[in-house]
Amino acid sequence: MHWFILKRLMVVPLLLFIFSIIAFVLIQAPPGDYLTSYIAELAQGGTTITQDQIDSLRRQYGLDQPVYVQYFLWVGNLLQGDLGYSFEWRRSNAELIGERLLLTLALTTLSLIFTWVVAIPIGIISATRQYSVIDYVFTVLNYIGLATPNFLLALVLMWIAFDSFGLSVTGLFSPEFQQAPWSWARFADMMGKIWLPMIVLGTAGTAQIARVVRANLLDELGKPYTEMARAKGLPEWKLVLKYPTRVAIAPVVSTLGWYFPQLLSGGLVVAVVMSLPTIGPLLLRALVGQDMYLAGTIILIYCILTVVGTLVSDVLLALLDPRIRMDGA
Amino acid sequence: MQQTPTRTDRDPDRARDADRTAAPERPGEPILSVRGLKTHFATDEGVVRAVDGVDFDLHPGEVLGIVGESGCGKSITMKSVMRLVQHPGRIVAGEIRYRRPAGDGKKAIDVDLATLRPQGRAIRRIRGGDIALIPQEPMASFSPLHSIGDQIVEAILLHQRVGRREAKRIAIEKLAEVGMPNPQQRFDAYSWQLSGGLRQRAVIALALSCNPSVLVADEPTTAIDVTTQAQVLELLKDLQRDHGSSIVFITHDLGVIAQLADHVVVMYLGRVMEQGPVRDIFHAPQHPYTRALLQSVPSLHAEPRVALPTVSGSIPHPLHRPTGCPFHPRCPDAMPGRCDVAMPAMASVDGRPPVACFLHHDQAEEDAA
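What you are looking at is a predicted structure, and each value in this text was computed from that prediction instead of being measured. (Residues numbered from 1 in each chain as written. Chains lettered and ligands numbered in written order. Predicted model: local features only at pLDDT ≥ 70, side-chain atom pairs only at ≥ 80, totals over all residues.)

Quick look at the overall build of chain B
Then step 1. Scanning chain B from N- to C-terminus turns up eleven helices and ten strands.
Then step 2. Relative to the 2.2 N^0.38 estimate, which gives 21 Å for 369 residues, the radius of gyration of chain B is 21 Å and therefore close to what a compact globule would have.
Then step 3. In terms of its C-alpha atoms, chain B occupies a principal-axis envelope of roughly 65 × 50 × 45 Å.
Then step 4. Looking at the 369 residues of chain B, the share that counts as buried comes to 47%.
Then step 5. In chain B, of all internal contacts separated by at least 6 residues, the share reaching a separation of at least 24 is 63%. (Helix = DSSP H or I, 4+ residues; strand = E, 2+ residues; numbered from the N terminus. Rg over C-alpha atoms; globule rule 2.2 N^0.38 Å. Buried ≥ 20, exposed ≤ 12 C-beta atoms within 10 Å, placed from the backbone. Contact = placed C-beta atoms within 7 Å.)

Structure (structure tokens):
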């Protein structure tokens, strides 16, 4: 098992190297660089700038160097924790990303837990009671869930919260905590608001995962080992949970890796609608404003999250299935 | 409901009752007594009568062979007995009397299994503890995610009042008993780390782990190679001799039956065609179906380069059962106007084992449809 984790860990640097190149290529992809747009902006504002000034700025940011040197400069800075500077926001990227990343991770993790806690039991109940009334009810709910756009659900829930309970549930913080430093009060305030986006974002994956669990479990319930467990005299619910369910949730666990990036981009519309201070809208603005270093850094963070998510799902799968952890060990 | 064209003046019920007791070499009370068992599957296309009126007795210490082609209801019969038939299958009629005297620290049991809730506590006590299954596919009968030791210990903890440590000791003992090499290490092995033969042994160890009174072996040797098959059969014979448990052996392999069984039940399309002591069935088969099955067994003394006789035709579609005797479309001796109209009852003639065939007697089932 240790060997298995070690082997997985050894691949991580290679993956990160590849991803950093991809992110850098994306940064370089648009014509011109941010100085071009900066200068254009200054010119628009009536400020003239001399060629000397431009050259000195270019030197300052290493833009006079060949592309590969620029890449190493960027990576070198990243490794030292310097995420660069956003021209559009005139703030350091680290400052911009920092709290948003934390909130995004918190929200994503909560949504994931919500999804699993709701979807897996629904899948199990549907499969063990196939073609029963409850199975059909869940199936109908699933399709409704699948067909409802996230943001619509967000709007409906926000309206219900506002109309029935007088709650304003946009954002993650009340106005008085918006810019406040972290404290228990601020945390409590956040927890009082985060459940709504959690439900909205979590519901999206619920239908799909419930269907996957149901289909897999139906396959496994017919397998001889399930019947053997029954022939031993195990109570039905116990044997279903112990044997076939463990096999059936493996595909769900394996989706963990791409759950984070999927939710980061998928939750974008929701984040805009609910004005959540998460990372998705920041990326959108960076892309629109050609703030490419900020965009590239966020994309690289997505990649890192994907790598970490995949690693976690690999370890969980290995814990679930001895065939995986003993493979080649 | 069809009336039989010719009714005999003998009361069919009384005749059948007499047949049931006509087995002088099977003394004592049967441990398992199945009467009129019907298990039907209500599918969208119609009702599949997988088991359609089966009677048999299993006596203590006896090996009962159930033979028939694939799809004749052998497995479903025994799954019905263990109440393992899943939706949409359902026992619609019949009695499954399980009677076991006290012993082995267990209380005496006398219960009609057909009346129990299929997932209830009462049947779960019996399943695994009293009636254990050696399944068809040893390859797939262990969960690949749990060690075989874990799965054997689980059964022991369910049925015996022992701690985890003692359960492990029993499990290793059982693994050793079925001839598993290095049982101590194999306890922690996963099923996919074992060869087919060892897996089969592990499954048998699991079945034996709670000292069941009845072992249901459902074609336990079909999935393994011939050499291993012989070893497994040898093992089952030894275990049966040592423990004196009763075995119901389901197979389509008449050779295996000849080696192992004391008593044979020949099934076709959910019905018993003929049953009796193994030597009578083999030396004096009465039913044309039994005869056809026996002729299709390859023999060393047969003429070389002559096609092996087979049972002509194939099993009809389960939803299109023939009227009358289910075997009549394939039967070389079918009597038109008789066999395709009425279902022959199980009856014995001149002290021979009971057979359901108009060639031997004239009794028809009353509810032949």
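Description of the packing of helix H6 (residues 133-147) of chain A against helix H8 (residues 184-221) of chain A
Residue and element names in this part refer to chain A.
Then step 1. Closest axis-to-axis distance for the H6/H8 pair is 8 Å, and the angle between their directions is 135°. Accordingly, the angle class assigned to the pair H6 and H8 is oblique. Judged by the sense of rotation from one axis to the other, the crossing of H6 with H8 is left-handed. On H8, the residues touching Phe138, Asn142, Gly145 and Leu146 of H6 are Thr203, Thr206, Ala207, Gln208, Ala210 and Arg211.
Then step 2. Looking at the contact of H6 with H8, its residues break down into four nonpolar, five polar and one charged. (Axes fitted to C-alpha atoms, helices over the stretch in contact; angles between N-to-C directions. Parallel < 35°, antiparallel > 145°, perpendicular 65-115°, else oblique. Left-handed = near helix turned anticlockwise from the far one by under 90°. Nonpolar A, V, L, I, M, F, W, Y, C, P; charged D, E, K, R; others polar.)

A short note on the environment of Ser141 of chain B
Then step 1. With respect to the helices and strands, the residue Ser141 of chain B is situated in the loop between strand E6 (131-134) and helix H4 (148-159).
Then step 2. Take Ser141 of chain B: there are 28 C-beta atoms within 10 Å of it, and that puts it in the buried class.
Then step 3. Remark: the alpha-carbon pair of Ser141 of chain B and Pro336 of chain B, spanning 195 residues in sequence, is separated by 46 Å.
Then step 4. With sequence-adjacent residues up to four places away left out, Ser141 of chain B is seen in contact with Pro224, Tyr225 and Met228 of chain A together with Pro135 and Val203 of chain B.

As for the sheet that holds strand E3 (residues 63-67) of chain B
Residue and element names in this part refer to chain B.
Then step 1. As summarised here, the arrangement of the six strands in space is E6-E7-E8-E3-E9-E10, forming an open sheet in which the pairing is mixed. In this open sheet, the two edge strands, each paired with only one partner strand, are E6 and strand E10 (271-277). Going from strand to strand, the sheet's axes swing by 15° on average, the running direction of each strand aside.
Then step 2. Relative to E10, strand E9 (residues 263-268) is paired through six bridges, and the arrangement is antiparallel. Counted as the bridge partner of Val266 is Glu274 from E10. (Pairing = 2+ DSSP bridges.)

A word on the interface of chain A and chain B
When the parts come together, some accessible area is lost, and that loss is often what is quoted as the size of the interface.
Then step 1. Contact with chain A, which involves 19 residues of that partner, is made by 23 residues of chain B.
Then step 2. When residues of the side of chain A that touches chain B are traced back to their parent elements, those giving at least two are helix H9 (224-232), helix H11 (244-248) and helix H17 (322-325) of chain A.
Then step 3. No other element matches H9 of chain A, which puts seven residues into the side of chain A that touches chain B.
Then step 4. For the side of chain A that touches chain B, the class distribution of residues is ten nonpolar, one polar and eight charged.

Looking at unusual backbone geometry
Then step 1. Each neighbour pair has its own omega, and for His87 of chain B with Pro88 of chain B the value is 5°, a cis peptide bond.
Then step 2. Turning to its location among the elements, Pro88 of chain B is positioned in the loop between helix H2 (74-81) and strand E4 (89-100).
Then step 3. Phi angles above zero are rare outside glycine, and Tyr131 of chain A is one such case at about 65°.
Then step 4. On the secondary structure map, Tyr131 of chain A appears in the loop between helix H5 (93-128) and H6.
Then step 5. A residue is classified by how many C-beta atoms lie within 10 Å of it, and Tyr131 of chain A, with 10 of them, is exposed.

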